[in-house]
Amino acid sequence: MKNKLPYFVIIASSLLLIFNLYNYVFNGDDKGFYLRIISNIVLIVAMVISIRHRNKQSQN
């Protein structure tokens, strides 16, 4: 479970990112758009870095 959690967070954040982009394009919901997009991107990047760090530790 510990190894699968970052992947789950990446998938969930990607789905929320797609939903936020859809909501912005088709519904014109500007309220907090950039903050929602940036927070999703930062979360995805953090999980990718976490996965890389964990893989490097397991190789040593």
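Above this note sits the structure.
Residues numbered from 1 in each chain as written. Predicted model: local features only at pLDDT ≥ 70, side-chain atom pairs only at ≥ 80, totals over all residues. Heavy atoms only, no water.

## Comments concerning the overall build of the chain
Across its full length, the chain holds two helices and zero strands. Against the globule reference of 10 Å for 60 residues, the chain gives a C-alpha radius of gyration of 14 Å, more extended than a compact globule. With the C-alpha coordinates aligned to their principal axes, the bounding extent of the chain is approximately 50 × 20 × 10 Å. When each of the 60 residues of the chain is scored for burial, the buried share is 20%. In the chain, 58% of the contacts between residues at least 6 apart in sequence involve partners at least 24 apart. Accessible surface computed for the chain: about 5,100 Å², of which carbon and sulfur atoms make up 68%. (Helix = DSSP H or I, 4+ residues; strand = E, 2+ residues; numbered from the N terminus. Rg over C-alpha atoms; globule rule 2.2 N^0.38 Å. Buried < 20%, exposed > 50% of the residue type's maximum accessible area, 1.4 Å probe, protein only. Contact = heavy atoms within 4.5 Å. Areas by Shrake-Rupley, 256 points an atom, 1.4 Å probe, with all protein chains shown as cover.)

## Remarks on the side chain of Asn23
By secondary structure assignment, the location of Asn23 is in helix H1 (residues 5–27). The class of Asn23 is buried, set by a relative accessible area of 13%.

## Considering a nonpolar patch on the surface
On the surface, a cluster of nonpolar side chains totalling about 910 Å² of accessible area is made up of Phe19, Tyr22, Tyr24, Val25, Phe26, Tyr34, Ile38 and Val42. Sorting the residues of the nonpolar patch by element identifies H1 and helix H2 (33–59) as the ones contributing at least two each. For the nonpolar patch, the element with the most residues is H1, which contributes five residues. Here Tyr24 lies in helix H1. On the basis of relative accessibility, which here comes to 30%, the residue Tyr24 falls in the partly exposed class. (Patch = residues over 30% accessible without salt bridge, like charges linked within 9 Å, V, L, I, M, F, W, Y side chains within 5 Å. Salt bridge = Lys/Arg side-chain N within 4 Å of Asp/Glu carboxyl O.)

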